[in-house]
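Spelled out, the chains give:
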Amino acid sequence: MDKTYDPADIEPRIYQLWEDSGLFAPNGDGPGYCIVIPPPNVTGTLHMGHAFQDTIMDALTRYHRMRGDATLWQPGTDHAGIATQMVVERQLEGTGETRANLGREAFIKRVWKWKEESGGTISNQMRRLGTSVDWSRECFTMDQKLSNTVTEVFVRMYQEGLIYRGKRLVNWDPSLQTAVSDLEVINIEEEGSLWHLKYPLQDKSGFIVVATTRPETLLGDSAVAVNPKDERYIHLIGKQVRLPLTDRLIPIIADDYVDPKFGSGCVKITPAHDFNDYEVGLRHNLEQINILTPDAKMNDEVPVEFRGLDLLSARKKVIQALVALNLIDRIVSHHVMVPHGDRSGAIIEPYLTDQWYVRVAPLAGPAIKAVETGEINFIPENWSRTYFDWMRNIKDWCISRQLWWGHRIPAWYDIQGHVYVGRTEAEVRSTHNLKKDYLLSQDNDVLDTWFSSSLWPFSTLGWPEQTPEFKKFYPTSVLVTGFDIIFFWVARMIMMGIKFTGTVPFKEVYVHGLVRDSEGQKMSKSKGNVIDPLDIIDGIKLEALVQKRTTNLMQPRLAESIEKSTRKAFPEGITAHGTDALRFTFASLATQSIDLRFDLARVGGYRNFCNKLWNASRFVLMMIEPVKNLEEEKFCQKSTSALNTINLGIADIWIRSRLGVMLKNVESAYGEYRFDFVASALYEFTWYEFCDWYLELTKPILQSEHSTEEAKNAARETLTLVLEVLLRALHPLMPFITEEIWQRVAPFAGLMPTPNFMIMQAPWPEANEWPQDKIAEADVNWIKNVILGIRQIRGEMDISPARRLPVLLENASVEDRRRLAIYEHYLARLAGLESVRTLTDEESAPPSATALIGNMRALVPMAGLIDPEAESARLEKRATKINGEIKRSRSKLLNENFTRNAPHDVVLQEQDRIADFEQTLTSLEEQIKRVKQLL
């Protein structure tokens, strides 16, 4: 092995070996285990959310593959209707072309060309992360087979009355001129106003004052609403008002929707331009008056002087007209949430238009029941409540989009407007006996991307055909997803899966949190806190990082601020950490919290962990004699008895016992989807037990001339076996480094039956092969505690590690004496002892530094070890300095300006500083007392 761990050399080489081997495809006769990847947008690049989610899915895939399951991780990408169309349209703009000039057919060809040339970016980036998906089965939602499935589902649902066309209110993007889903809308808080407008009563007896944040939509009002229990307005219910600027009469209605405490307690109802008003309008059978064109300008339904105006201009002109008529009561500053399209940035308008809808209620019932009865389990379970809340209040689903890129709706119209739905135009003509010259035109709209995504678990496995893959892997095993798309994707997959396959699409839903920065803030380009996972893997220089973060920012001040914060946070850029360190970080973050705080320093810690594993493995390989080749049967037959064919030392028995405990904890954590527990169990065993203790405990055996060859062989065998098993246990989280090391270790463990055998082909190490030995664990814990006690005394007394110490054991039990007699050589070597013995009952202890080990005390006589006067002066100087720090921190906390204005975390940090200082001071005072005994 190379002296230095270099992930840049290891990772691309190993991934190519994996992919060329074909081992990512399902193998063996074990039970089917399947995960379908949430398909990323074909336009996308790998971000932290993808990297986190892919790490979790890959860990599960590799774990189940090693357990002998026929494991399929199904990859693929989504055609991303709006995003992809916008990318290609921007390219056209650069050449002076437009979508309209090209025409639909030519534009679609251009999109496919872009997809073939540039659409594989995220798939290649996934390879960098080590994902073991079956690339031979990679799908794209616009592939012909998947498109056929989409058409089949649409036609069947239409024939059953589950899809219909109707005029309803939708989120409308006036820039893209298409309906968009709620997930594609970003609500931004802006400074606005609440206008209190006076609407004259029909009988001219006065006015009713309505409060609104959108006075321009007054022109489309159908009613004024008050709360039926609001005594101020009960006498007006049923009367009419004359709508300003239009001279229309509209009724005053009563509805519980109105909040009497908001504004004046009266609201204008505009059913065609507000979602809440739309529902009120349906309850009261109000007229729906659309006053906007598709590009959000005033249409011919408004008075002439307002026609053609954009909304901002219309607002100004409406206010001017109302002022002139003395119909404004007052204007109040008010924060408003303004919806924007996440792609276009345009203000989203509620807009009344003809669209295609899924009638959801008949589908929701079985989907609710599947979770209620446990056919599907949410993990953590509390997310099922979120699911139920939405499903029990579900609305019909708008599935049409006014785009060209996507699955075109399989509906045709004749010149009278009659609609015909079928799989093809030929089928439509055949079904309805329409002649070839009977003019038909296909619907121009395409389906919502979420429609094809809702079919993903079974469309990717070949449905409606009963393919071998569908029979083997459906329903899939688990869906890994963020909580933000439970409504948009998870629920719809459950509804569609049950409807078309008769069973649920997956048995479990593991819901994870969202990756945020170290302060808990959402990662976004405008905040300048986005970190590219590939920059963590490969490293990036400061200037390149600054350029990446500030490019395409439209606001110079924002770019300047982000550049400044980036230079401060990363003065040297980002160093290369490698994939395994990043993956292990993600696993450690996978708690059940909805916010996963990502700190780059943590990745650095796990990069050190990789180094620790690398160096430990180099030591093991140096200690193993090349001629020693353990029998292959020890692993291939998983024979526990074969592991006990030689006389093992206490350290060997202990580490094997601890290995079994670790494996048991890891298996339990995988079963509970607690990847943070998996990571912590592996980390603690590797670092603290195997590296820090077992390797040290073997050195006195392997490096001593007095050790028997049998003892050395036991240590070598245990080193080999435990490291090999540890590498297999680490592999799902850290695939690259474990493969590189395992290829060198496995031959000595007899687990290399063929030249190109990979670690993922090796069986998962079973905990029951490594039985726990509590007696050995107790003995080694005693050894560790004595050594740690002596090391603590050295640290407190500032005694050189090279100084050999005499140690006396006071109050030693019979068991302590037994252990001392057997394990004295460990204590002498690892604690640096000159001698160690127990005190007799007749002896009195000399002035000593003391460490408590259970009821026994380890004493280090201080006479001759230190200069009492100099040591006392040094300790007192430190105590004085600590006292000063305590006073300064207490002074801060007594300052009201500090406690009132400082962030809560900073105040807590100061309190923790005091606690740490006080603990240190107590220890110093005890040391001073002991030293003064020698004066």
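The paragraphs below set out a description of the structure included in this document. Since we're looking at a predicted model, the values are computed, not measured. (Residues numbered from 1 in each chain as written. Predicted model: local features only at pLDDT ≥ 70, side-chain atom pairs only at ≥ 80, totals over all residues. Heavy atoms only, no water.)

1. Overview of the sheet that holds strand E28 (residues 848-853)
Inclusion rule: Here, a strand pair is defined by DSSP locating no fewer than two bridges between the strands. Counting from the N terminus, the helices are DSSP H or I runs at least four residues long and the strands are E runs at least two residues long. Axis angles are defined between N-to-C directions and span 0 to 180 degrees, where every axis is a line fitted to C-alpha atoms and, for a helix, only to the segment in contact. Whether two residues are in contact is decided by their heavy atoms, any of which lying within 4.5 Å being enough.
If you walk across this open sheet you meet the 4 strands as E27-E26-E29-E28, and the pairing is mixed. The open sheet terminates on both sides in strands that have one partner only, identified here as strand E27 (833-838) and E28. Each neighbouring strand pair of the sheet contributes to a mean axis angle of 25°, computed without reference to strand direction. The sheet contact formed by strand E26 (residues 805-810) and E27 spans 5 bridges and is parallel. Bridge pairing in E27 places Val-807 opposite Val-836. Here helix H27 (residues 774-797) sits on the sheet in contact with E26, E27, E28 and strand E29 (856-861), set at roughly 150° to E28.

2. Some remarks on the environment of Trp-782
What counts is decided by this rule: By the criterion applied in these results, polar contacts are pairs of N or O atoms within 3.5 Å in which, for protein atoms, one can donate a hydrogen and the other can accept it, and in which residues neighboring in sequence qualify only through two side-chain atoms.
Positionally, Trp-782 belongs in helix H27. Through-space distance from the C-alpha of Trp-782 to that of Tyr-823 is 9.7 Å; in sequence the pair is 41 residues apart. With near-sequence residues (within four places) excluded, Trp-782 lies in contact with Asp-816, Arg-819, Leu-820, Leu-827 and Met-856. Side chain to side chain, Trp-782 and Asp-816 meet in a polar contact 2.9 Å long.

3. Observations regarding the packing of aromatic side chains
Note the following rule: When the centres of two rings from Phe, Tyr and Trp lie within 6.5 Å, Trp using its six-membered ring, the rings pair. Their planes under 30 degrees apart give stacked, over 60 give edge-to-face, and anything left gives tilted. Per-residue accessibility, obtained with a 1.4 Å probe over protein chains only, is compared with the maximum for each type, and a residue is labelled buried under 20%, exposed over 50%, and partly exposed between these values.
Enumeration over the complete set of coordinates arrives at 42 aromatic pairs. Between the aromatic rings of Tyr-164 and Tyr-357, the centroid separation amounts to 5.6 Å while the plane-to-plane angle is 20°, which identifies the pairing as stacked. Of this pair, Tyr-164 sits in strand E5 (residues 163-173) while Tyr-357 is found in strand E14 (residues 349-358), placing the two residues 193 residues apart along the sequence. Grouping residues by exposure puts Tyr-164 and Tyr-357 together as buried.

4. Describing the environment of Leu-282
By the element assignment, Leu-282 lies in helix H8 (residues 275-284). Looking at Leu-282, the relative accessible area reads 48%, which means it is partly exposed. Sequence separation between Leu-282 and Pro-271 is 11 residues, and the spatial gap between their C-alpha atoms is 8.2 Å.

5. Considering the layout of surface pockets
By rolling a water-sized probe across the atoms, one finds the places where empty space is left. We count it as follows: Any residue with an atom within 4 Å of a point lines the site, the site being either a cavity, points on a 1 Å grid over the protein atoms alone where a 1.4 Å probe fits but cannot get out, or a pocket, an open set with protein on both sides within 12 Å along at least 5 of 7 lines. Grid points are joined across faces, edges and corners, and a volume is the space filled by probe spheres set on the points. Three categories are distinguished: nonpolar for Ala, Val, Leu, Ile, Met, Phe, Trp, Tyr, Cys and Pro, charged for Asp, Glu, Lys and Arg, and polar for the others, with Gly belonging to the last.
A volume near 1,200 Å³ is recorded for the second largest pocket. Lining the second largest pocket are 43 residues; nearest its centre among them are Thr-213, Arg-214, Asp-274, Met-337 and Pro-339. When contributions to the lining of the second largest pocket are tallied by element, the ones reaching two or more residues are strand E7 (185-200), strand E8 (207-212), strand E12 (266-269), H8, helix H9 (311-324), strand E13 (328-341) and E14. Counting residues per element, the lining of the second largest pocket draws most heavily on E7, at 7 residues. Here the lining of the second largest pocket is composed, by residue class, of 19 nonpolar, 11 polar and 13 charged.

6. Details of the packing of helix H3 (residues 81-94) against helix H5 (residues 104-118)
This is how the line gets drawn: Throughout this description, any angle smaller than 35 degrees is read as roughly parallel, any larger than 145 degrees as roughly antiparallel, any in the 65 to 115 degree range as roughly perpendicular, and the remainder as oblique.
Relative to each other, H3 and H5 sit at 100°, their axes nearing to 10 Å. Judged by the angle between their axes, H3 and H5 are roughly perpendicular. For the pair formed by H3 and H5, the contact residues are Thr-84, Gln-85, Val-87, Val-88, Glu-89, Gln-91 and Leu-92 on the first element and Phe-107, Arg-110, Val-111 and Trp-114 on the second. Across the contact of H3 with H5, the residue classes break down as 6 nonpolar, 3 polar and 2 charged.

7. Re the nonpolar core
Nonpolar side chains tend to gather and get buried jointly when the protein is soluble and globular. Condition: The nonpolar core is taken to be a set of buried Ala, Val, Leu, Ile, Met, Phe, Trp, Tyr and Cys residues, with the residues joined through side-chain atoms within 4.5 Å.
Formed by 218 residues in total, the largest nonpolar core has its most connected members in Phe-451, Phe-598 and Phe-690. Sort the elements by how many residues they give to this core and helix H24 (residues 675-702) lands first, with 16 residues. With residues up to four places along the chain from it excluded, the contact list for Phe-690 reads Ala-616, Val-620, Ile-655, Phe-685, Leu-695, Leu-719, Val-722, Leu-723 and Leu-726. Membership of the second largest hydrophobic core comes to 38 residues, among which are Tyr-199, Val-224, Cys-266 and Met-298.

8. Things to note about empty space enclosed by the protein
If you walk through the whole model with that rule in mind, you get 3 cavities of 30 Å³ or more. In this structure, the second largest cavity encloses a volume near 40 Å³. Considering the residues around the second largest cavity, the lining is formed by Thr-141, Leu-146, Thr-149, Val-150, Ser-452, Leu-455, Trp-456 and Ser-459. Contributing elements (two or more residues each) for the lining of the second largest cavity: helix H7 (144-159) and helix H14 (456-459). Considering every element that reaches the lining of the second largest cavity, the biggest residue donor is H7, with 3 residues. Within the lining of the second largest cavity, the residues separate by chemical class into 4 nonpolar, 4 polar and no charged.

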